[in-house]
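For reference, the chains in residue letters:
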Amino acid sequence: MASDAAAPDVRVVGGWASPFVMRVCVALRLKGVAYEFLQEELVKKIDLLLASNPVHKKMPVLLHGGRPVCESLVILQYVDKAFAGAGPPTPTMVRPRRPPYRFWAEYTDAKVRQIAGHDRRRQGRGGGAGRRGAAAEQVAAALGQLQEAFAGCSEGRHFFAGDDVGFLDIVLGSYVGWFRAAEKITGQPVLDETRTPRLAAWVARFCAHEAVGDVMPDAGRLVEFGEALRAALAASASRP
Ligand SMILES: N[C@@H](CCC(=O)N[C@@H](CS)C(=O)NCC(=O)O)C(=O)O
């Protein structure tokens, strides 16, 4: 489903390891929309990214018919509307009139994103084990809060907004690969089955979903990617 070179009407500019990029891929796959994936290089940003997102210069960018859409949460809403009739009905993906979803999405990005070490300037300075361990602990605490949110939002169903993967599932689920990578690096649990059993069960369901399985990055590859990125950034920072 990922590539359709003959009709690249929908393109995703990004990197396989980015949780923000993964969100866009999952949303398109949920909608059954074929897309071309344009992989970013490790450090050097490709011209298309710089031209399409000149303000933030960040991935992902969705190109639809050549028009760029930036910022993953905005892209999720765009995909939901632009491809409303494209695939099987996905009524629960985005519910803009349901404030809890947007609130918890923003909470997730504020409290959980540090697990992915997305900040390239900090990565270039190196990631000490102490900082990583502290980040893992903070994220584990935020997941406790998110488990309560899950109970409130899902009302006993399988996903945040009902019986299928939706907006908030995609937002939080995009970090799961990085939870596992952080667990490998620190030896500390992030998503702890004892502390957050309901969320752990939700993760298993999310990862088993057909729109998710293939694009969920492997933890071992993420660990290697993080190391390679840190080394490349440190090298480029030390160049005159
Ligand atoms: N708020 C943005 C965050 C995007 C983001 O931070 N992307 C990272 C990759 S994970 C990036 O492009 N970093 C490049 C940089 O910081 O220069 C979104 O949700 O799309």
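The structure we're discussing is the one just above.
Residues numbered from 1 in each chain as written. Predicted model: local features only at pLDDT ≥ 70, side-chain atom pairs only at ≥ 80, totals over all residues. Heavy atoms only, no water.

Draft legend 1. Here's a closer look at the environment of P189. Mapped onto the secondary structure, P189 falls in the loop between α8 (176-186) and α9 (197-208). In this structure the C-alpha to C-alpha distance between P189 and A136, which are 53 residues apart in sequence, comes to 7.8 Å. (Helix = DSSP H or I, 4+ residues; strand = E, 2+ residues; numbered from the N terminus.)

Draft legend 2. Structural context of the pairing of strand β1 (residues 10-14). Buried residues dominate β1, accounting for four of its five residues. Summarising the sheet, β1 and strand β3 (residues 61-64) pair through four bridges and their orientation is antiparallel. Across the sheet, the residue bridging to V10 is H64, located in β3. Regarding the hand of the β-α-β motif, the stretch spanning β1, helix α1 (residues 19-31) and strand β2 (residues 36-39) is right-handed. (Buried < 20%, exposed > 50% of the residue type's maximum accessible area, 1.4 Å probe, protein only. Pairing = 2+ DSSP bridges. Right-handed = clockwise from strand over helix to strand, strands pointing away.)

Draft legend 3. Fine view of the pairing of β3. Here β3 shows a buried face lined by V61 and L63 and a second buried face lined by L62 and H64. As paired elements, β3 and strand β4 (residues 67-70) share four bridges and run antiparallel to each other. Paired with H64 across the two strands is R67, which belongs to β4. Taking the residues that link successive antiparallel strands as the turn, the β3-β4 hairpin has two residues, and the phi of G65 there is positive, at about 60°.

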